[in-house]
Amino acid sequence: MGGVLKGVSIRGLEVFEALAQTGSVGEAARRLGMSAPAVSQQLKNLNTAVGIPLVDQGRRPMTLTPGGRQFLRHVEAALGALRTGQRDLTTLDLSDVSSLRMGIIEDFENEVTPTLTARLAETMQSCVFLLNTGASHTLLNRVTRNELDLAICAEGRENPPGAVIHPLLDDPYILAIPKGTSLANGLEGLSHLRFLRRDQAQVMGRQIEEMLQRQGQTIPNRFELDSNQSISALVAGGHAWTITTPLSLLRGGRFLDGIDARPLPFAGTSRRISLCATGDWSGDIPRQIAAIARDLIEQHFTDRGLDLMPWLQGEFRILSDD
């Protein structure tokens, strides 16, 4: 794959990226607003230009070949640079905004929030800026009470009345078990370990309980925590297991080496992270902030998460307003 690639189009790279994320020609076509034959032709052209097959089309869902996985890293970097450059042509401008009250979930406080805040501050001249971090249910309640203008958080059962929603991330539920633990007997094989529940006030805690109830799972309520670090520490220490999400698992940082992430042994769901804006904030500013947030989430979480958990391809994914 050395030298200059002739005959490679930006559209062809977008098609390849979408196929890598979805594993399906039909889904890639739907995402890009193309026909399935057009997607297949773009992939054929790209294979010819690169000189090797990039996708194993004999599998369902499709998977990348070893060369395809290597090429994908370069494609994502190139498309990311192009998208950033395109957005820079319409720079976020908060110079006319007198005040902005914003909330961001704690999941992002170490990576996304500092950079996002710095980007916003670059364009603020006389803006009074309020930033709160907290749990999703708290932030959503504050949007409902008109105490926040924007909130980046997990969606609840109902959105605040009149809110405009900009989806950012699908964050699917997964198992987190001590390293080397067998799942041969499903959840029953974990009975010697403590099950760690999330605080039931949290969006995540409620969604996990609803999943377990749908499966008829009744697990004694002995440990209920709201600290992600504590949950990760207990699982890594070999004492417990939990249901979590890739985003929450990646926040475990130094405990990751002691944890195995596995798919749920039943049909699960995802929590959806979105930017929620009050009806007064329905213009370009929330859309531009959402675009910056997506870039940062991809940089710090989805790229890393898919490297560690490639079986989440097409599930742990950045979303768009389209």
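Our subject is the structure that appears above.
Reading the values: rules and limits
Residues numbered from 1 in each chain as written. Predicted model: local features only at pLDDT ≥ 70, side-chain atom pairs only at ≥ 80, totals over all residues. Heavy atoms only, no water. Helix = DSSP H or I, 4+ residues; strand = E, 2+ residues; numbered from the N terminus. Buried < 20%, exposed > 50% of the residue type's maximum accessible area, 1.4 Å probe, protein only. Contact = heavy atoms within 4.5 Å. Areas by Shrake-Rupley, 256 points an atom, 1.4 Å probe, with all protein chains shown as cover. Lys, Arg positive; Asp, Glu negative; His and termini not counted. Charge placed at Lys NZ, Arg CZ, Asp CG, Glu CD. 1 Å grid on protein atoms, 1.4 Å probe; cavity = no way out; pocket = protein on both sides within 12 Å on 5 of 7 lines; lining within 4 Å. Points joined across faces, edges and corners; volume = space filled by probe spheres on them. Nonpolar A, V, L, I, M, F, W, Y, C, P; charged D, E, K, R; others polar. Axes fitted to C-alpha atoms, helices over the stretch in contact; angles between N-to-C directions. Parallel < 35°, antiparallel > 145°, perpendicular 65-115°, else oblique. Left-handed = near helix turned anticlockwise from the far one by under 90°. Pairing = 2+ DSSP bridges.

## Some points on the overall build of the protein
Logical step 1: Broken down by element type, the protein carries 10 helices and 13 strands.
Logical step 2: Counting only C-alpha atoms and orienting by the principal axes, one finds that the protein spans roughly 60 × 60 × 35 Å.
Logical step 3: Counting across all 322 residues of the protein, residues that qualify as buried make up 47%.
Logical step 4: Long-range contacts, defined as pairs at least 24 residues apart, comprise 75% of the intrachain contacts of the protein with a sequence gap of at least 6.
Logical step 5: Split by element, the accessible area of the protein, about 15600 Å² in all, is 47% carbon and sulfur.
Logical step 6: Each charge sign in the protein was given a centre, from 32 positive and 36 negative side chains, and these centres are 6 Å apart.

## A look at empty space enclosed by the protein
Logical step 1: For the coordinates displayed, the defined rule picks out one cavity of 30 Å³ or more.
Logical step 2: When its volume is computed, the largest cavity comes out at roughly 40 Å³.
Logical step 3: Ala176, Arg198, Asn228, Ile231, Ser232, Val235, Thr242, Thr244, Ser248, Leu249 and Ile259 are the residues that line the largest cavity.
Logical step 4: Mapped onto the lining of the largest cavity, the elements with two or more residues apiece are helix 8 (228–236), strand 10 (240–244) and helix 9 (246–250).
Logical step 5: Looking at the lining of the largest cavity, the element that brings in the most residues is helix 8, giving four residues.
Logical step 6: Looking at the lining of the largest cavity residue by residue, the class counts come to five nonpolar, five polar and one charged.

## A few points about the layout of surface pockets
Logical step 1: Space inside the second largest pocket adds up to approximately 640 Å³.
Logical step 2: In terms of residues, the lining of the second largest pocket owes the most to one element, helix 10 (residues 284–308), which gives five residues.
Logical step 3: Taken together, the residues that form the lining of the second largest pocket break down as 11 nonpolar, seven polar and seven charged.

## Some details on the packing of helix 1 (residues 10–22) against helix 2 (residues 25–32)
Logical step 1: Relative to each other, helix 1 and helix 2 sit at 125°, their axes nearing to 9 Å. In terms of their interaxial angle, helix 1 and helix 2 are classed as oblique. Of the two elements, helix 1 crosses helix 2, and the hand of that crossing is right-handed. For the pair helix 1 and helix 2, the contacting residues are Arg11, Glu14, Val15, Ala18, Leu19, Gln21 and Thr22 in the first and Val25, Glu27, Ala28, Arg31 and Leu32 in the second.
Logical step 2: Each residue belonging to the contact of helix 1 with helix 2 can be placed in one class, and the counts come to six nonpolar, two polar and four charged.

## Remarks on the sheet that holds strand 4 (residues 128–134)
Logical step 1: If you walk across this open sheet you meet the six strands as 4-3-5-12-6-13, and the pairing is mixed. Of all strands in the sheet, those with a lone pairing partner are strand 4 and strand 13 (317–318), marking the two edges.
Logical step 2: The sheet contact formed by strand 6 (residues 164–172) and strand 13 spans two bridges and is antiparallel. Along strand 13, the bridge assignment pairs leucine 169 with isoleucine 318.
Logical step 3: Seen against the sheet, helix 5 (residues 112–122) touches strand 3 (99–105), strand 4 and strand 5 (150–154) and runs at an angle of roughly 165° to strand 3.
Logical step 4: Each of strand 3, strand 5, strand 6, strand 12 (270–277) and strand 13 touches helix 10; the most contacted strand, strand 6, lies at about 10° to it.

By themselves, these are just geometric observations and shouldn't be taken as functional.
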